[in-house]
Amino acid sequence: MNDSFPQGTAWIDGKFVKLSEAKISILDWGFLRSDATYDVVHVWKNNFFQLDKHIDRFFESTKKLRMPCQITRNELKIILAKCVKNSGFENAYVEMIQTRGVSPNFDRDPRKATPNVMAFAVPFGWILKPKDFEIGLDVYLTDIKRIPASSIDPTIKNYHWMDLVTGMFKAYEKGHHTALLVDEHNNITEGPGFNIFCVDETGIITPDTGVLEGITRQTVFNLAIELEINISKKPISAENLKKSKELFATSTAGGIMPITKISGDIIGLGNVGNITRQIHKLYWQKHSDSNWITPINNILK
Ligand SMILES: *Cc1c(COP(=O)(O)O)cnc(C)c1O
């Protein structure tokens, strides 16, 4: 088969298969219309991190798309755990997906389709590798507008990524690590798969609307409260972004990631800020706290 596939196991059509063998129909609405939802949880040292929160968001997303997931929470946990166990990973990125599925005879009515649930595990991936933590990310601030919430509910984790992918191309062409998109008022929204936070004199701020409500974004609120740091949700202009003392991005793939440059210009002192460091440290401490993790072996016993 194709050796460019990462190692991993998928669950599709009710069976566990090698990742390279997991395929869907060309007529699936998920493929033809991006009509799908998904979620990504990570495994660190054989423990899922905040698994129930990811499953809650996934179930909510399937309901908002009028295709409530027909698999129970426990069944889904076992499927995800087996994807990781069969792959033999200690650290993994685990994705669950539900597509609209295929309609009989290519019927144009989405209600006729039978939804399709699938999942896979691949090795844990970083947006910013730990060795590059002190360097931080250089994020290109684009003028691309994130799809507005009035068009697509951003709280449903979705594959409408053409705006984000266009941003990635622009960022890469100019030599930056990744991109940031704006809203119709040119306020900051988010980037390809991550939320953004800035630190000013008042504390930590993240955009209030027009973004996916990341599980890691919510985690930052919990960690900031524990650290007694002020945190709030409100609009962030490009100007506020550039004069921040610190900036960081958050995502399941990579956790808390310092941003030290915007479009090549230095933010703050150009190094990883103190608040970013505190949040990052506590985030990784929670990876061995039994209130935050679920051991794979507990699911499978
Ligand atoms: C998944 C995702 C994020 C980050 O959410 P987490 O739950 O923290 O991984 C941010 N923005 C978009 C568009 C995403 O798809």
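Refer to the structure printed above.
The structure presented is a predicted model; accordingly, all values stated were derived computationally and were not measured.

Below, the discussion takes up the site of the ligand. The ligand sits among 14 residues. The nearest are Lys157, Glu190, Ile215, Thr216 and Thr252. Between the ligand and Glu190, the relevant distance is 2.8 Å, taken from a nitrogen atom to a side-chain nitrogen or oxygen of the residue. The separation between an oxygen atom of the ligand and a polar side-chain atom of Thr252 is 2.6 Å. Under a 2 Å grid-point criterion requiring more than half of the atoms, the pocket assigned to the ligand is the largest pocket. Its residues assigned to classes, the shell around the ligand shows four nonpolar, six polar and four charged.

Within the structure shown, the criterion is met by 15 salt bridges. Glu134 is the salt-bridge partner of Arg277, the closest N and O atoms lying 2.9 Å from each other. Taken together, the positions of Arg277 in helix α7 (residues 274-285) and Glu134 in the loop between β6 (114-123) and β7 (137-145) put the pair 143 residues apart, joining distant regions of the chain. Across the pair Arg146 and Glu190 runs a salt bridge, and its minimum N-O distance is 2.9 Å. Placement of Arg146 in the loop between β7 and α4 (162-173) and of Glu190 in the loop between β8 (178-182) and β9 (195-200) is noted, with a sequence separation of 44 residues between them. Accessibility classification places Arg146 together with Glu190 in one group, the buried group. It is possible to trace a salt-bridge network through shared partners that takes in Asp52, Asp56, Arg73 and Lys77.

Rules and cut-offs
In this convention, every chain numbers its residues from 1, walking through the sequence in written order. Only residues with pLDDT of 70 or above have their local features reported here, since the model is predicted, and side-chain atom pairs are shown and tallied only from 80 upward, although totals for entire chains, interfaces and linings are computed over all residues. With hydrogens and water set aside, each side-chain value is computed from the structure's full complement of heavy atoms. Being near a molecule or strand, for a residue, comes down to having at least one heavy atom within 4 Å of it. Pairs of N or O atoms are called polar contacts if they sit within 3.5 Å, as long as, within protein, a hydrogen donor faces a hydrogen acceptor (for residues adjacent in sequence, only side-chain-to-side-chain pairs). In this analysis, the protein atoms alone were mapped onto a 1 Å grid. Cavities are point sets where a 1.4 Å probe fits without being able to get out; pockets are open sets with protein on both sides within 12 Å along at least five of seven lines; lining residues have an atom within 4 Å of a point. Throughout, a molecule is located in a cavity or pocket provided that more than half of its atoms lie within 2 Å of its grid points. Classification used: nonpolar for Ala, Val, Leu, Ile, Met, Phe, Trp, Tyr, Cys and Pro, charged for Asp, Glu, Lys and Arg, polar for all others including Gly. Each reported salt bridge corresponds to a side-chain nitrogen of Lys or Arg within 4 Å of a carboxyl oxygen of Asp or Glu. Put simply, DSSP H or I for four residues or longer makes a helix, DSSP E for two residues or longer makes a strand, and each gets a number counted from the N terminus. Classification of residues uses two cut-offs on accessible area relative to the type maximum, computed with a 1.4 Å probe and protein chains only: under 20% is buried, over 50% is exposed, and between them is partly exposed.

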